[in-house]
Protein chains: 2
Amino acid sequence: MKKIRLVLFGFGTVGQAVYELLTTERSRILGVVNQSADQLQDKVDYNIVSIVVRDVEKYQAEFSHISHLFTTEWPSEADYDLAIELVSSAAGGDIIAQALKSGKDVVSANKLALYQSAGQLEALANEHGRIFRYEGAVAGAIPILQIISPLGSGEIQLIRGILNGSTNYILTRLFEDSELSVEDAIAEASKKGYLEADPTLDVGGFDALYKLGILIYMATGQYPAESDIERIGIDTLTDEAIAEAKSANKTYKLVAEADFKTGRYRVTPQLLASTDPLYGVDGSLNAVTLTHQYAGELTLQGPGAGGLETASAVISDLIYIMREGA
Amino acid sequence: MKKIRLVLFGFGTVGQAVYELLTTERSRILGVVNQSADQLQDKVDYNIVSIVVRDVEKYQAEFSHISHLFTTEWPSEADYDLAIELVSSAAGGDIIAQALKSGKDVVSANKLALYQSAGQLEALANEHGRIFRYEGAVAGAIPILQIISPLGSGEIQLIRGILNGSTNYILTRLFEDSELSVEDAIAEASKKGYLEADPTLDVGGFDALYKLGILIYMATGQYPAESDIERIGIDTLTDEAIAEAKSANKTYKLVAEADFKTGRYRVTPQLLASTDPLYGVDGSLNAVTLTHQYAGELTLQGPGAGGLETASAVISDLIYIMREGA
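Just so we're clear, the structure is a prediction, and the values are computed from it rather than from any experiment. (Residues numbered from 1 in each chain as written. Chains lettered and ligands numbered in written order. Predicted model: local features only at pLDDT ≥ 70, side-chain atom pairs only at ≥ 80, totals over all residues. Heavy atoms only, no water.)

### Quick notes on the packing of aromatic side chains
Evaluated as defined, the whole model comprises 28 aromatic pairs over all chains. For the pair B:Y59 and B:F63, a centre-to-centre distance of 6.4 Å together with 50 degrees between the ring planes defines the contact as tilted. B:F63 carries the same exposure label as B:Y59, and that label is buried. Relative to B:Y223, the ring of B:Y115 lies with its centre 6.1 Å away and its plane at 70 degrees, an arrangement referred to as edge-to-face. Here B:Y223 lies in the loop between α11 (206-220) and β8 (229-231) and B:Y115 lies in helix α5 (residues 111-117), a separation of 108 residues in the sequence. On the accessibility criterion, B:Y223 (11% relative accessible area) is buried. Joined through ring pairs, the aromatic side chains of A:F11, A:Y19, A:Y59, A:F63 and A:F70 make up one cluster. Over the face of the ring belonging to A:Y80 we find A:K104, whose NZ or CZ atom lies 5.0 Å from the ring centre. (Phe/Tyr/Trp six-rings, centres within 6.5 Å; stacked < 30°, edge-to-face > 60°. Buried < 20%, exposed > 50% of the residue type's maximum accessible area, 1.4 Å probe, protein only. Helix = DSSP H or I, 4+ residues; strand = E, 2+ residues; numbered from the N terminus. Lys NZ or Arg CZ within 6 Å of the ring centre and 35° of its normal.)

Following this line, the structure appears as C-alpha cells:
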C-alpha cells in the first residue's frame, strides 16, 4: 500500500469542492485508481495532510471539523507527495514551481499562473521528472486538454470555442431580455458573483485569452505572447449592435479562435448565425471545436465553471497521477 | 532506444488507414510519444513486422511496395510486441485473446468481438498485466472511452447518443428528400457501401447495441446481456411516421440510451424536437452526452466512422501504450 500525502493550496469555491469530493467519494476514487492493482504493494491510498490558506481564521469557524488542517505554513518537503494548487491568482505560479522543484507532482486549475509562466512550469516538471496536470484550468468540466495530445497522429488545424462562462452568461441574458442594456447585464452578473474580482479579466476577454493560450500550447508546444492574440472584450458591444443582431436572428458570442493555418489567434465577439455550432451554447456552458487533420471536427460541450464541475476535472487529474505516477 | 514491433491484423478500410498514418506520420507520432523522454534508453521507436490477412493475394498487386509484409501466419511470440486487431469480425476475439495470453499489448477497434466476449478480453488483459485499448470501437474519432474512467469522482447517471453513422445517414437523407421511401434510402446506403455486409447489423440497431454495451461496461464494469437492452431498428419506421414527424418539425434519430438511475438500456428510433441536443447531429456524425454527478452534462460530437477518422483513434491508443507501456 502506497500512501500519497496531499496538500491543498487555496480553499475557495473549487478548493472546497475538491476537499468535499476527496472525502465523500474516497472509496469510489480509490476504486478507480486501484482497478488493475492486484497486489497490496501496488495499491494506492491518499490522505490530506494540510490546507494552505492566506488567512486561517477565515475558515476556522465554518469548517471547525477540519480546522486542524488549515495552515499558513508551506509544508516541509518530507511531509507531502502531491500539491493541489487552487489559489487562482498569479501567486499560484510560485507555489507550483516550488512544489515541482522539490520533486512533487502537481495538479492545478490556475490558467493565469500557467499562461503567465509561458511554459516554464511545464519545463520545470519535465526537468524534475514530475507529473503536472491542469485539466480544470480550461473549460471547467470539459476534458479538453486530456484529448489534445493523444490526437498526435496529425495536425490540429483549428481550435474555436467559448471559453469564458461569465461573459457567455451576460450575452445570453442580453439576447433573452430585450430591456437589458450591455452595462446593466454586466452589473447584474457582477452582483451575482459571476465575475472575477477584477471584472475586466472576464469582460475584457483576458480570461478567455489565457485559456486559449494554454490550448495553443497543448497543440504546438509554445505559449503565444499576449501581443500575438487579438483581444476585444464584450464591453465594446453596443446596445445598437445587440438590437441589430437580434432582428437579423443572429447572436453575439465571445469566441476564442486559433487558426493554425493562417497563424491568426484571437478572442473577439463574433456575430453568429443560427447555423454556427456555437450559436446555441448558452448560459455558463463552454464549448470547443478542434479541427484535426485526420480525426475531423470534434466538438466538446459542457459546464465551463462551477465548484463541483471544476473539482471533477481536478479529481480526474489526481486519478491519473495516482494511477500512473512513480 | 526501445523498439516496439507491431503486427497488424486485418487490412480493410481502417487497417489501411492505420498503416498509412504509421508510415507517413511516423516522426510526428514518435515526437509525441518521446516528448518527455530525455535519455536515449527511455526513447521508443516502432516498426511494422507483418500484416496478417486471410487472403494475401488480394492485396499483393495493389500494395506491391509492402507485399513482403502480408502473411496468413500468426507471428511467433518472440517476433512481436503489440497487436493491432482490425479484422472487424467475431474472429477478432480469438486474435485479441491469443495476443494477450502471450503477453502482448493490444489495440482493437472491434466492437463486435468486445461485446461478445462480455468482459473476458478485459479480464485476460488484467490477468496478464497487459494494456488493452479500443477507442476506435465506439463512435469513431470521438475519444469517448478515454474520458469515461477519469470521471471517477462520481456516478455516471445517463449516457445518450447517436452511435451508428450509417443509420444516421439514412435518416438524414429521409428528412432532406421528401420523395425518398425508407426502403429506398436503405437501398441507397447499401449501394454506396455505407452498410455492413449484413445490413441488419446497422439497420436493426445491433451495431449501436454493441457500442452502447461497451459504454455501459466502461461506466459500470459489467457488460449487459443482449436481452437487457431493448432494441428496435430503423427498419420499423414507416413512410407515414416520417411524413408526420416532418410536418411537426421533428426528426427521427436512432438513439442509444443507458439510464443508470432506472436501469433501462435501449437502442430505439426516437422522435426528437428541435430543442433536443441530438436533433442537429446529421449525416454520419456521432454524438454522445454523458451526464455525470459532478461534471454535469458533457457532450462530444464528431465523425462516427471513416478510415482515417477511426485510424486516428487507433493511433491515440498506440501513443498511449508506447508512452505508458512497460
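### Some details on the sheet that holds strand β5 (residues 105-108) of chain A
What the six strands build is an open sheet, ordered β3-β2-β1-β4-β5-β6 (chain A); its pairing is parallel. Of all the strands in the sheet, the pair left with one neighbour each is β3 (70-71) and β6 (132-133) of chain A. (Pairing = 2+ DSSP bridges.)

### Focus: the domain arrangement of chain A
All names here are of chain A. The domains assigned to chain A are domain 1 (2-140 + 308-325) and domain 2 (146-303). Computed over C-alpha atoms only, the centres of domain 1 and domain 2 are separated by 28 Å. Across the boundary between the two partners, domain 1 contributes 16 residues, which contact 19 residues of domain 2. Between domain 1 and domain 2 the total buried area reaches about 1,400 Å² when both faces are included, carbon and sulfur atoms providing 66% of it. The three residues of domain 1 that bury the most area against domain 2 are K111, Y115 and V138, which together make up 46% of that side's buried surface. A salt bridge links D207 to K111, with the nearest nitrogen and oxygen atoms 2.9 Å apart. Scanning the region where domain 1 abuts domain 2 turns up six residue pairs in polar contact (both at pLDDT 80 or more). (Domains from an automatic or database assignment. Contact = heavy atoms within 4.5 Å. Buried area = accessible area lost by both parts, 1.4 Å probe. Salt bridge = Lys/Arg side-chain N within 4 Å of Asp/Glu carboxyl O. Polar contact = N/O pair within 3.5 Å; in protein donor to acceptor, adjacent residues only side chain to side chain.)

### Some thoughts on a negative patch on the surface
Residues and elements named next belong to chain A. Together, E183, D184, D239, E240 and E244 make up a region of like negative charge exposed at the surface. Mapped by element, the contributors of at least two residues to the negative patch are α9 (182-191) and α12 (239-247). Here the negative patch gets three residues from one element, more than from any other, and that element is α12. For D239, the location among the structural elements is in helix α12. Residue D239 is classed as partly exposed on the basis of its relative accessible area of 39%. (Patch = residues over 30% accessible without salt bridge, like charges linked within 9 Å, V, L, I, M, F, W, Y side chains within 5 Å. Areas by Shrake-Rupley, 256 points an atom, 1.4 Å probe, with all protein chains shown as cover. Lys, Arg positive; Asp, Glu negative; His and termini not counted. Charge placed at Lys NZ, Arg CZ, Asp CG, Glu CD.)

### Here's the deal with α12(A)
Count 3.6 residues to each turn of an α-helix, and residues three or four apart come out pointing the same way. Residues and elements named next belong to chain A. When we look at burial in α12, the residues that qualify are A241, I242 and A245. Considered in projection along α12, the buried side chains sweep an arc of 100 degrees and stay on one side of the axis. Residues of α12 that are exposed and point more than 90 degrees away from the buried face comprise E240, E244 and S247. Buried residues in α12 make contact with α8 (165-176), α9, β9 (251-259) and β10 (264-272). (Arc of directions from axis to C-beta.)

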